[in-house]
Amino acid sequence: MAVASQSTAETEVYADLGLIPVINARGNQTLLGGSTVPDEVQEAIDAANRYYVIMEDLFAATGRVIADLLECEAAYVTSGCAAALALGAAACIAGDDEEKVKNLPHTEGMKNEVVIQGTQRYKYEHAPTVSGAKLVEAGDANGVTPAQLEGAIGPDTAVVLFVAHLDAVDGIVPLDQVVEISHRHGVPVMVDAAQQIYPLERMRMWTKMGADLVCFGAKYFGSPHSSGILCGREDLVASAVRQGFIGFEIGASSIGRPFKLDRGEVIGVVHALRRWISLDHEERIAAAEAKLEIISTAVEGKPGVNVSTDPGVLVGAPALCLNFEPESGLTAESVIESLRDGNPSIVVGEEGDTVIFNPNTLLDGDAEVVAERLAGIVG
């Protein structure tokens, strides 16, 4: 399909490459570009472009600010949550041993195992293995007992990984017990809390519960897509910094060189986090609900179209869900394809036969475009 003629710079930047711009009603997903940076955060990023800075000093200063905001010992800006997991694992393996730091990802003779519960296996579990670590499963997909978790911890265990978004699945050992068991064996606990950013206390609870390292994706609170946070124990965060991309410049031949960040991105994380913590979240959620109301109105009363909401699952905001009876002549697949096949393209979520609209990545005016397109499809 040819790209329609557009007049705005926002669409021309894609049209110049023969691409169709996308209205994102799916969420902060990597395949769609991750995040939209708020104007005030972008202004700080742009301002950082005027002067250079000593990156070691920048990481130290921003780490202090973030640690204070998250109420933990130390913090480090990373190039996304996966990089935080990789560097966090490297810190647990090498610590402050320069010889180990230099040898990673070759971990022969080191504590190099990452224990993960069988009920928490997930698609990002290999991020810590970038460090040279090996995954060890405790229990299996049917369930894990405290005894099985303890049995999986051995002399080569470097860290136990806990997956925060799977903290309520059946058959897991909860974090408080994971911490107690792991610490009894002198093993640190690392939490993948990628999008656990609301309620705000959820950002701070993991270290308060005893986790040694916590990893966040900063894109979820308005920072550039390519940014994240590693926070927690001061000694482990310091090891991660030394093994990060400036390691080569501060005397460490480290694995983190590929995880490079621009100085503006580092500044952006701080400004985005400050903004997120100071936001009126009731107002934010109300605005998201208003966008969904615009979309739902477009299909109200249409025969065979069932409208519902999944409340409070998306950083406090609901999702809009559509299902289609045979009498509608529509299916989830056909509606998703029709929404995508336009200019701008509209990308939504899908779960089984349900079409899902996530309001958090809809910008001003997007809901109206989605509603108009959807009304034409179901009409």
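Structure first, text after, so check above.
What you are looking at is a predicted structure, and each value in this text was computed from that prediction instead of being measured. (Residues numbered from 1 in each chain as written. Predicted model: local features only at pLDDT ≥ 70, side-chain atom pairs only at ≥ 80, totals over all residues. Heavy atoms only, no water.)

Trainee: Got a minute to help me understand the environment of Glu325 in this structure?
Mentor: Along the chain, Glu325 falls in the loop between strand S10 (317-324) and helix H12 (332-340). Residues in contact with Glu325, not counting those within four places in the same chain, are Gly304, Asn306 and Leu330. (Helix = DSSP H or I, 4+ residues; strand = E, 2+ residues; numbered from the N terminus. Contact = heavy atoms within 4.5 Å.)

Trainee: Please clarify how the environment of Glu289 should be interpreted in this entry.
Mentor: Residue position: Glu289 is located in helix H11 (residues 281-297). On a C-alpha basis, the gap between Glu289 and Arg26 in space is 15 Å, while along the polypeptide they are 263 residues apart.

Trainee: Please explain the pattern of salt bridges as it appears in this structure.
Mentor: When charged atoms on two side chains of opposite charge get close, those side chains can pair. A full pass over the atoms with the stated rule returns 14 salt bridges. Here Glu71 and Lys208 are joined by a salt bridge, their closest N and O atoms 2.7 Å apart. Remark: Lys208 occurs in helix H8 (residues 201-208) and Glu71 occurs in the loop between helix H3 (55-70) and strand S2 (74-78); sequence separation between them is 137 residues. Of the charged contacts in the structure, one is a salt bridge between Glu137 and Arg121, with a shortest N-O distance of 2.7 Å. Of this pair, Glu137 sits in strand S4 (residues 134-138) while Arg121 sits in the loop between strand S3 (113-117) and S4, and the two are 16 residues apart along the sequence. Exposure remark for Glu137: the relative accessible area of 35% places this residue in the partly exposed category. For Arg121, a relative accessible area of 35% gives the class partly exposed. Linked by salt bridges that have partners in common, Glu71, Glu201, Arg204 and Lys208 make up one network. (Salt bridge = Lys/Arg side-chain N within 4 Å of Asp/Glu carboxyl O. Buried < 20%, exposed > 50% of the residue type's maximum accessible area, 1.4 Å probe, protein only.)

Trainee: Would you explain the packing of helix H2 (residues 39-48) against helix H10 (residues 263-278) in this entry?
Mentor: Two measures define how a pair of helices packs: the angle their axes make with one another and the distance between the axes. Their axes nearest at 8 Å, the elements H2 and H10 cross at an angle of 150°. Classified by the interaxial angle, the pair formed by H2 and H10 is roughly antiparallel. Two packed elements cross with a definite hand, and for H2 against H10 that hand is right-handed. For the pair H2 and H10, the contacting residues are Glu40, Val41, Ala44, Ile45 and Ala48 in the first and Arg263, Gly264, Ile267, Gly268, His271, Ala272 and Arg275 in the second. Considered class by class, the residues forming the contact of H2 with H10 number 6 nonpolar, 3 polar and 3 charged. (Axes fitted to C-alpha atoms, helices over the stretch in contact; angles between N-to-C directions. Parallel < 35°, antiparallel > 145°, perpendicular 65-115°, else oblique. Left-handed = near helix turned anticlockwise from the far one by under 90°. Nonpolar A, V, L, I, M, F, W, Y, C, P; charged D, E, K, R; others polar.)

Trainee: Looking at this model, I keep getting lost on the sheet that holds S10. Mind explaining?
Mentor: Strand pairing in a sheet relies on backbone hydrogen bonds. The paired strands run either parallel or antiparallel. Pairing is mixed across the open sheet formed by 5 strands, whose spatial order is S1-S11-S12-S10-S9. In this open sheet, the two edge strands, each paired with only one partner strand, are strand S1 (22-25) and strand S9 (305-314). With strand direction ignored, the average angle separating the axes of adjacent strands in the sheet is 35°. The sheet contact formed by S9 and S10 spans 7 bridges and is antiparallel. Bridging across to S10, Leu314 finds its partner in Ala317. Seen against the sheet, H11 touches S9, S10 and strand S12 (354-357) and runs at an angle of roughly 15° to S10. (Pairing = 2+ DSSP bridges.)

Trainee: Can you walk me through the packing of aromatic side chains in this structure?
Mentor: The description of an aromatic ring pair uses the distance of the two centres, along with the angle that the planes make with each other. By the definition in use, this model includes 3 aromatic pairs. Taking the centre distance of 5.0 Å and the plane angle of 65° together, the rings of Phe59 and Tyr76 count as edge-to-face. Of this pair, Phe59 sits in helix H3 while Tyr76 sits in strand S2, and the two are 17 residues apart along the sequence. Each of the two residues, Phe59 as well as Tyr76, counts as buried. Consider the rings of Phe59 and Phe245, whose centres lie 5.7 Å apart with planes at 75°: the pair is edge-to-face. One end of the pair, Phe59, is in helix H3; the other, Phe245, is in the loop between helix H9 (234-242) and H10, and 186 residues separate them in sequence. For the pair formed by Phe59 and Phe245, the shared burial category is buried. Counting every residue linked through ring pairs, the aromatic cluster contains Phe59, Tyr76 and Phe245. (Phe/Tyr/Trp six-rings, centres within 6.5 Å; stacked < 30°, edge-to-face > 60°.)

Trainee: Help me understand unusual backbone geometry, please; the structure alone is not making it clear to me.
Mentor: Negative phi is the rule for most residues except glycine; trans is the rule for most peptide bonds. Here Leu104 and Pro105 are connected by a cis peptide whose omega angle stands at 15°. Relative to the elements of secondary structure, Pro105 occurs in the loop between helix H5 (98-103) and S3. The phi dihedral of Glu71 falls on the positive side, at around 55°, and the residue is not glycine. On the accessibility criterion, Glu71 (42% relative accessible area) is partly exposed. Look at Val315: it is not a glycine, yet its phi comes out positive at around 40°. By the element assignment, Val315 lies in the loop between S9 and S10.

Trainee: Help me understand the state of the cysteines in this model?
Mentor: Using the criterion set out here, one finds 0 disulfides in the structure. No disulfide involves Cys215; its sulfur sits 5.2 Å from the nearest other cysteine sulfur, which is in Cys81. (Disulfide = S-S within 2.5 Å.)

Trainee: Please clarify how the sheet that holds strand S7 (residues 213-217) should be interpreted in this entry.
Mentor: The 7 strands are arranged S2-S8-S7-S6-S5-S3-S4 in an open sheet whose pairing can be described as mixed. If you trace the sheet from one side to the other, it starts and ends with S2 and S4, each paired once. Within this sheet the neighbouring strands show an average axis-to-axis angle of 25°, counted without direction. Inspection of the sheet shows S3 paired to strand S5 (residues 157-163) by 4 bridges, in the parallel sense.

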